[in-house]
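Single-letter residue listing:
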Amino acid sequence: MQAEIAAERPGILAWTIECCGKYQAFRTSGQKLIAVLPSEVVGAKRTLNEGADPVADFATRMLVVDQTGFKTSVALIRRQYEAWCKYSKNKPMSARARRVA
């Protein structure tokens with residue numbers, strides 16, 4: 001990974017300098033600066049975010065909203081979440097941690 005990052009240094013530096021120049025040009029104009037991220041950065045960010053929230057990942061992959069009015073218990077969903085975490089090698093979030101998040 002270090003070698004990959006080292007290979008990207010010139011591009012990262014060029015992008016940083018380009019954005020810095022744009023910032024310097026716009027900082028006193030009152031206009032909003034918009035940075036366009038390369039698609040590789042957007043994709044990497046999306047990939048990181050997907051793995052960062054195991055509860056959202058579980059809900060997206062495993063829960064289905066039933067329009068017929070079917071209901072289930074929170075305890076059942078919790079048990080399924082814990083089983084899914086074990087299967088997917090994620091550490092389950094505690095109820096307290098979910099309330100804080």
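Values in this document were obtained by computation on a predicted structure and should not be read as measured data.

## A look at the nonpolar core
Here is step 1 of the chain: Judged by nonpolar contacts, F58, Y81, W84, C85 and M93 together constitute the single largest core of five residues.
Here is step 2 of the chain: For this core, the element with the most residues is helix α4 (residues 74-88), which contributes three residues.
Here is step 3 of the chain: In this view, Y81 contacts P54, V55, F58, K91, P92 and M93; residues no more than four positions away in its chain are not counted.

## A look at α4
Here is step 1 of the chain: Over its 15 residues, α4 extends 20 Å from the first C-alpha to the last, a length consistent with the 21 Å expected when each residue adds 1.5 Å.
Here is step 2 of the chain: All of the buried residues along α4 are Y81, W84 and C85. Seen from one end, α4 has its buried residues packed into an arc of 100 degrees, which puts them on one side. Set apart from the buried face of α4 by more than 90 degrees, the exposed residues are R79, K86 and Y87.
Here is step 3 of the chain: Two residues or fewer after α4 comes K89, characterised by a positive phi angle close to 60 degrees.

## A look at the packing of aromatic side chains
How two aromatic rings sit relative to each other is set out by the distance from centre to centre and by the angle between their planes.
Here is step 1 of the chain: Scanning the model with the defined rule gives two aromatic pairs in all.
Here is step 2 of the chain: Where F58 meets Y81, the ring centres are 5.4 Å apart and the plane angle is 70 degrees; that geometry is what we call edge-to-face. Taken together, the residues F58 in helix α3 (residues 54-62) and Y81 in helix α4 connect sequence positions 23 residues apart. The same class applies to F58 as to Y81, namely buried.
Here is step 3 of the chain: Following the ring pairs from residue to residue traces out a cluster consisting of F58, Y81 and W84.

## Comments concerning the confidence of the model for the protein chain
Here is step 1 of the chain: Predicted confidence across the protein chain gives a mean pLDDT of 77, with 79% of residues reaching 70 or more.
Here is step 2 of the chain: When mean pLDDT is taken per element in the protein chain, α4 scores highest with 88 and helix α5 (residues 95-100) scores lowest with 60.

## Notes on the environment of W15
Here is step 1 of the chain: Along the chain, W15 falls in helix α1 (residues 2-26).
Here is step 2 of the chain: Residues W15 and P38 lie 23 residues apart in sequence; the distance between their C-alpha atoms is 9.5 Å.

Cut-offs used in this document
Per-chain numbering applies: the sequence of each chain, read as written, is numbered from 1 onward. Side-chain atom pairs in this predicted model are given and counted only at pLDDT of 80 or more, local residue features only at pLDDT of at least 70, and totals for whole chains, interfaces and linings cover all residues. Each side-chain value is derived from all of the structure's non-hydrogen atoms; neither hydrogens nor water enter the calculation. The definition of a nonpolar core used throughout is a set of buried Ala, Val, Leu, Ile, Met, Phe, Trp, Tyr and Cys residues joined through side-chain atoms within 4.5 Å. Burial status follows relative accessibility: with a 1.4 Å probe on protein chains alone, a residue under 20% of its type maximum counts as buried, one over 50% as exposed, and anything between as partly exposed. Secondary structure elements are taken from DSSP: a helix is a run of H or I of four residues or more, a strand is a run of E of two residues or more, and numbering for both begins at the N terminus. Here a residue-residue contact requires only that any non-hydrogen atoms of the pair lie within 4.5 Å. Multiplying 1.5 Å by the helix residue count minus one yields the expected span of that helix. In this context, the arc is that of the directions from the helix axis out to the C-beta atoms. Stacked, edge-to-face and tilted labels apply to pairs of Phe, Tyr and Trp rings (six-membered ring for Trp) whose centres lie within 6.5 Å, assigned for plane angles under 30 degrees, over 60, and everything in between, in that order. Residue-level confidence of the predictor is summarised by pLDDT, bounded by 0 at the bottom and 100 at the top.

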